[in-house]
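Summary of structural features
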Amino acid sequence: MTKFRKLNRPTGHRMSMLRTMVSQLVKHERVETTVAKAKEIRRLADNMVQLGKEGSLCAARRAAAFVRGDDVIHKLFTELAYRYKDRAGGYTRLLRTRIRVGDAAPMAYIEFVDRENELRQSKPPTPQPPQRLALDPWTRSRLTRQYAPPKEEKSSDPEI
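This structure is a prediction, so every number in the text was calculated from the model and none was measured.

1. A word on the nonpolar core
Soluble globular proteins: nonpolar side chains tend toward being buried together. One finds Val22, Met48, Val67, Leu76 and Phe112 to be the most contacted residues of the largest nonpolar core, which totals 28 residues. Sorting elements by how many residues they give to this core places helix α2 (residues 35-54) first, with 7 residues. Not counting residues up to four positions away in its chain, the partners in contact with valine 22 are Ile41, Leu44, Ala45, Met48, Phe66 and Val67.

2. What about unusual backbone geometry?
A positive phi angle, near 55°, is found at asparagine 8, a position not held by glycine. Of note, asparagine 8 is situated in the segment before α1 (11-28). Of the residues examined, asparagine 8 reaches a relative accessible area of 79% and is grouped as exposed.

3. Overview of the sheet that holds strand β2 (residues 92-99)
Adjacent strands of a sheet form backbone hydrogen bonds with each other and so pair up, either parallel or antiparallel. The sheet built from 3 strands is open, its strands ordered β1-β3-β2 with antiparallel pairing. Bordering the open sheet on either side are β1 (30-34) and β2, each of which pairs with just one other strand. If you compare each strand with its neighbour and ignore which way they point, the axes differ by 25° on average. Relative to strand β3 (residues 106-112), β2 runs antiparallel, the two sharing 6 bridges. When the sheet's bridge partners are listed, arginine 96 is paired in β3 with alanine 108. Contacts from α1 reach β1, β2 and β3, with the element oriented near 145° to β1.

4. Some points on the packing of aromatic side chains
Think of a pair of aromatic rings as described by two things: how far the centres are apart, and how the planes are tilted against each other in angle. One pass over the structure, following the stated rule, counts 2 aromatic pairs. Relative to tyrosine 91, the ring of tyrosine 84 lies with its centre 5.2 Å away and its plane at 50°, an arrangement referred to as tilted. Taking 6.2 Å as the distance between ring centres and 35° as the angle between the ring planes, the aromatic pair formed by tyrosine 84 and phenylalanine 112 counts as tilted. With tyrosine 84 in the loop between α4 (70-83) and β2 and phenylalanine 112 in strand β3, this residue pair connects regions lying 28 residues apart in the sequence. On the basis of relative accessibility, which here comes to 0%, the residue tyrosine 84 falls in the buried class. One aromatic cluster is present, built from ring pairs that chain together Tyr84, Tyr91 and Phe112. Directly above the ring of tyrosine 109 sits arginine 30, whose terminal nitrogen or CZ lies 5.9 Å from the centroid.

5. Some points on the pairing of β3
Counting buried residues along β3, 5 of its 7 residues qualify, which places the element largely inside the surrounding structure. As consecutive antiparallel partners, β2 and β3 are separated by 6 residues, and within that stretch alanine 104 has a phi angle of approximately 60°, a positive value.

6. Examining helix α3 (residues 57-66)
Every buried residue belonging to α3 is among Ala59, Ala63 and Phe66, and all of these are buried. Buried residues along α3 cover an arc of 60° about the axis, so they all sit on one side. Exposed side of α3, more than 90 degrees from the buried face: Leu57, Arg61 and Ala65 are the residues found there. Packing partners of the buried residues in α3 comprise α1, α2 and α4.

Definitions and cut-offs
Residues numbered from 1 in each chain as written. Predicted model: local features only at pLDDT ≥ 70, side-chain atom pairs only at ≥ 80, totals over all residues. Heavy atoms only, no water. Core = buried A, V, L, I, M, F, W, Y, C linked by side-chain atoms within 4.5 Å. Buried < 20%, exposed > 50% of the residue type's maximum accessible area, 1.4 Å probe, protein only. Helix = DSSP H or I, 4+ residues; strand = E, 2+ residues; numbered from the N terminus. Contact = heavy atoms within 4.5 Å. Pairing = 2+ DSSP bridges. Axes fitted to C-alpha atoms, helices over the stretch in contact; angles between N-to-C directions. Phe/Tyr/Trp six-rings, centres within 6.5 Å; stacked < 30°, edge-to-face > 60°. Lys NZ or Arg CZ within 6 Å of the ring centre and 35° of its normal. Arc of directions from axis to C-beta.

What follows is the structure, encoded as structure tokens:
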């Protein structure tokens, strides 16, 4: 069973709010909301982009059952699917911004990565370390002794 935040709302209200917020995120590519709502939106928006990348009729129907508006569905299956065709996941970024004045709720921007007018540039992908062959313990012990730096002797005379 999937864990999710209830956001102190009944199911119908919560799902309606999340559908609207995901649709607005796809439409405007940046939304400011509370941190808890932004974390829930991130899950759902990443799923919608994944459906857009899939591009099948079944995926289009599943996305149309969730998001609101034909322009949003069109953007999911054309622009966003093309933009993230080489990315395996992590289509959205969450940036904490401020504390709201009325109730001291922590606020955050949620936005799509790799777009114009980003609040923060995305990090370049980290290169993968080269694969090392598994060594038996004796060879490994010999190699560590071979490459270990020589031990330095401590001298009691301070140099002036």
